[in-house]
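# Structure assessment
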Amino acid sequence: MKDGFITVAAGTPQIRVADCRYNAEQIFTMIREAARQGVKILALPELCLTGYTCEDLFFQDTLLDGAEEGLRTILEATKHLDILTALGMPVRAAGKLYNCAVMIQKGEILAVAPKTYLPNYGEFYEKRWFERLEGLDGHVSLSLRGADGMTTFMGLGQSIIDCPAVPGLKVGVEICEDLWASDPPSRRLAEAGATVILNLSASNEVVGKAAYRRQLVVGQSGRLCCGYVYADAGEGESTTDLVFTGHNMIAENGAMLAEHRFTTGLTIADIDVQRLVYERRRLTPFPAVRDTGLCWNEAEFTPCVTKIRRYVSPTPFIPENAADRANRCEEILTIAALGLKKRLEHTGAKTAVVGLSGGLDSTLALLITALAMGMLHRPASDIIAVTMPCFGTTDRTKNNAVLLAERMGASLKTIPIGDTVRSHFRDIGHDADDHDVTYENAQARERTQVLMDIANQNGGLVIGTGDLSELALGWATYNGDHMSMYGVNASIPKTLVRHLVDYVARDNLKKDQELTHVLEDILDTPVSPELLPAVQGEISQRTEDLVGPYELHDFFLYYIVRWGFPPRKVLRLAEAALGRKYSRAVILKWLKSFYRRFFAQQFKRSCLPDGPKVGSVSLSPRGDWRMPSDAVARLWLEELEGLDG
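Scope of this entry: the structure provided in the associated data block. (Residues numbered from 1 in each chain as written. Predicted model: local features only at pLDDT ≥ 70, side-chain atom pairs only at ≥ 80, totals over all residues. Heavy atoms only, no water.)

As a further point, take the overall build of the protein chain. Secondary structure assignment for the protein chain yields 19 helices and 22 strands. Partitioning the intrachain contacts of the protein chain with sequence separation of at least 6 by distance along the chain shows that 74% fall at a separation of at least 24. Here the protein chain displays about 27,000 Å² of accessible surface, and carbon together with sulfur accounts for 49% of that area. The protein chain carries 70 positive and 81 negative side-chain charges, and their two centres are separated by 2 Å. (Helix = DSSP H or I, 4+ residues; strand = E, 2+ residues; numbered from the N terminus. Contact = heavy atoms within 4.5 Å. Areas by Shrake-Rupley, 256 points an atom, 1.4 Å probe, with all protein chains shown as cover. Lys, Arg positive; Asp, Glu negative; His and termini not counted. Charge placed at Lys NZ, Arg CZ, Asp CG, Glu CD.)

This is the structure:
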């Protein structure tokens, strides 16, 4: 349960129709197995204690007595387990019969929640046997007959189980068709605070139904910003007219975490409650009011460290599936180009000016600018690509910049700035042999001045090349590459920049092989600002040697900014995703560096130029990230200091 993770499961026991004693044994055996595997919340199928397909046997007291006896057996067999379990059974109350989810823990009944929407169509005729609970919420006594007397439970209705041991964890339950309704009970439960919804289902299988069922589960978890655990009836149900396949699913906030079909047994995943709570606090309009019309109770869990079962991608900004990655790249390029298209139209700009270094960022900026010009039905020659070689420029990067501009059809200008920078050094009294920050930043600012002046000469806009990762780290010269008239890369992290350029290189393979070759060489070039003199013609300044690996920083950025996770959790996830490549000490070193730089460099982000948002993370001071420039990182760094060793 550490860091907000809770292990949940959907279980499908193999049952026998109407054999409550056998079914009870299968159920408590599954509960014990789930507990052994670290599961804390378990959902079992609808009416699993009797079997969903009992039909008119539901009118028989013998069956109903058997169900109550079976529940008593389960309670006794699990009284020492703190696993919270929801199982389905028929319940007699107020002279009627209800299709209910009974929530139990440590041998006690915590809630009895009836099905809200009863089907009465096709092969389902539940209204023949069951009633819909109306006007009785919280006012019905449920008495269970057993060998040692009566167990009475007060409260029948929509319920939420609060779990104080995991901050923010509140569990609600609905049953099968409830999810299909126009206003599912889960909506009310979520608005009352439920972060995990259990669905006890007996959904039969026909061609195409599984896909629709999957859409419902994933969609509801996204709409309600919750974890959704769907347990389906399976083998052992009657096959008179229907087949049940145990289609079990666990989804979280619009993403499927685990899924099994055509099987019995457990489907297990960990739900990140902390993530759900953060997302609701940040975005959703859920009222901060306790719904007094619901039945409330508490579940007590023994604190433990939840094993992370979910897959943690080392590249959270980049889909790992090739087809998904290609679609993502195409979409991002289009969004960014549309933003620039609008800006060029609105300002009446005659040209777009791009500083071309032969590196990844400026290459991507040129590719996006070319797309925007195409959308405007304007020639690529309206792009002025400017190379500005100076002290650190290598022949490789200079030649690649020239070749790229030529292949794209841009108007090329080559303007060496070395003499201008030396003159500036003389003006300010700086020793040109002193390769300090002044030496580096003077070059960056001179390049920006050249670009701005060329834009003025040609009625154009300077297109920014800095990316999201550089903005997070403050790896930009203030009023140098930090400044532009429209920053097309502003919300694209460095790891994604590489994939976008690679996508264009592969997409152009049959169209322009020379363009593909130059893009491939740019992809192979070390990331560098090229502000220090080259050594034997090779790049001497490698960015990742100075600020750390971008794949680590982009990972940190995603979980710190997008999800607001505390340092200890970011470290834990980074170890899960990248621990085979980097040691804990290395990850911790660069995580500390990230926090220091992120806080210290906010002043650069507070005055960023406009740029299109393309993903879920943006550092625009006008939108997604509003942070005082003088905020102190002490609390975050102190937490990391406690994690050393």
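Once you've had a look at it, read on.
A word on the pattern of salt bridges. Charged atoms that come close allow side chains of opposite charge to pair. Tallied over the full model, the rule gives 45 salt bridges. One salt bridge in this structure joins K170 and D162, with 3.8 Å as the shortest N-O distance. D162 sits in the buried class, given a relative accessible area of 16%. In this structure, R275 and E252 form a salt bridge, with 3.9 Å as the shortest nitrogen-oxygen distance. Pair noted here: R275 is in helix α5 (residues 273-282) and E252 is in strand β14 (residues 248-252), with a separation of 23 residues, a long-range link. We classify R275 as buried; its relative accessible area is 17%. Its relative accessible area of 4% is what places E252 among the buried residues. (Salt bridge = Lys/Arg side-chain N within 4 Å of Asp/Glu carboxyl O. Buried < 20%, exposed > 50% of the residue type's maximum accessible area, 1.4 Å probe, protein only.)

Here the focus is the packing of helix α6 (residues 322-347) against helix α7 (residues 360-375). A pair of packed helices can be characterised by two numbers: the angle between their axes and the separation between those axes. Between α6 and α7, the shortest axis-to-axis distance is 8 Å and the interhelical angle comes to 65°. In terms of crossing hand, the pair formed by α6 and α7 is right-handed. Residues L333, T334, A336, A337, L338, L340, K341 and L344 of α6 pack against L364, I368, T369, L371, A372, M373 and M375 of α7. In terms of residue class, the contact of α6 with α7 is made up of 12 nonpolar, 2 polar and 1 charged. (Axes fitted to C-alpha atoms, helices over the stretch in contact; angles between N-to-C directions. Left-handed = near helix turned anticlockwise from the far one by under 90°. Nonpolar A, V, L, I, M, F, W, Y, C, P; charged D, E, K, R; others polar.)

This part covers the layout of surface pockets. Reported here for the second largest pocket is a volume of approximately 750 Å³. A255, R275, Y311, Y558 and Y559 are, among the 27 residues lining the second largest pocket, the residues nearest its centre. Elements with a minimum of two residues in the lining of the second largest pocket: β15 (255-260), α6 and α15 (550-562). Residues of the lining of the second largest pocket, tallied by class, amount to 15 nonpolar, 4 polar and 8 charged. (1 Å grid on protein atoms, 1.4 Å probe; cavity = no way out; pocket = protein on both sides within 12 Å on 5 of 7 lines; lining within 4 Å. Points joined across faces, edges and corners; volume = space filled by probe spheres on them.)

Rolled over the atoms, a probe as big as a water molecule pinpoints where empty space is left. Within the structure shown, the criterion is met by 5 cavities of 30 Å³ or more. Estimates place the volume of the largest cavity at around 140 Å³. Contributing to the lining of the largest cavity are 15 residues, with G466, L471, H482, L608 and P609 lying nearest its centre. When its residues are assigned to classes, the lining of the largest cavity shows 6 nonpolar, 6 polar and 3 charged.

A separate point is the sheet that holds strand β5 (residues 108-114). If you walk across this open sheet you meet the 6 strands as β5-β4-β3-β2-β1-β16, and the pairing is mixed. Looking along the sheet, the strands with just one partner apiece sit at the ends: β5 and β16 (265-272). For this sheet the average axis-to-axis angle between neighbouring strands, irrespective of direction, equals 30°. Bridging between strand β1 (residues 5-12) and β16 involves 8 bridges; their strand directions are antiparallel. Residue pairing for β16: A9 is matched across the bridge by I268. Packed on one face of the sheet, helix α2 (residues 61-77) meets β3 (84-93), β4 (96-105) and β5 and runs near 150° to β3. Those strands touched by α5 are β1 and β16, and its axis lies near 50° from that of β16. (Pairing = 2+ DSSP bridges.)

Strand order across the open sheet formed by 5 strands is β20-β19-β18-β21-β22, with parallel pairing between neighbours. The open sheet terminates on both sides in strands that have one partner only, identified here as β20 (411-414) and β22 (486-487). Inspection of the sheet shows strand β18 (residues 351-355) paired to strand β21 (residues 460-464) by 3 bridges, in the parallel sense. Of the residues in β21, the one forming a bridge with V353 is V462.

What follows is about the pairing of strand β13 (residues 227-232). A large share of β13 lies buried, amounting to 6 of its 6 residues. Here β13 shows a buried face lined by G227, V229 and A231 and a second buried face lined by Y228, Y230 and D232. As judged from the 4 bridges shared by β13 and β14, these two strands associate in the antiparallel manner. Bridge assignment links Y228 to a residue of β14, and that residue is A251.

Below, the discussion takes up unusual backbone geometry. The phi dihedral of A18 is positive, around 75°, even though this residue is not glycine. For C225, which is not glycine, the phi torsion reads 50° and is therefore positive. Summarising the element assignment, C225 is placed in the loop between α4 (209-223) and β13.

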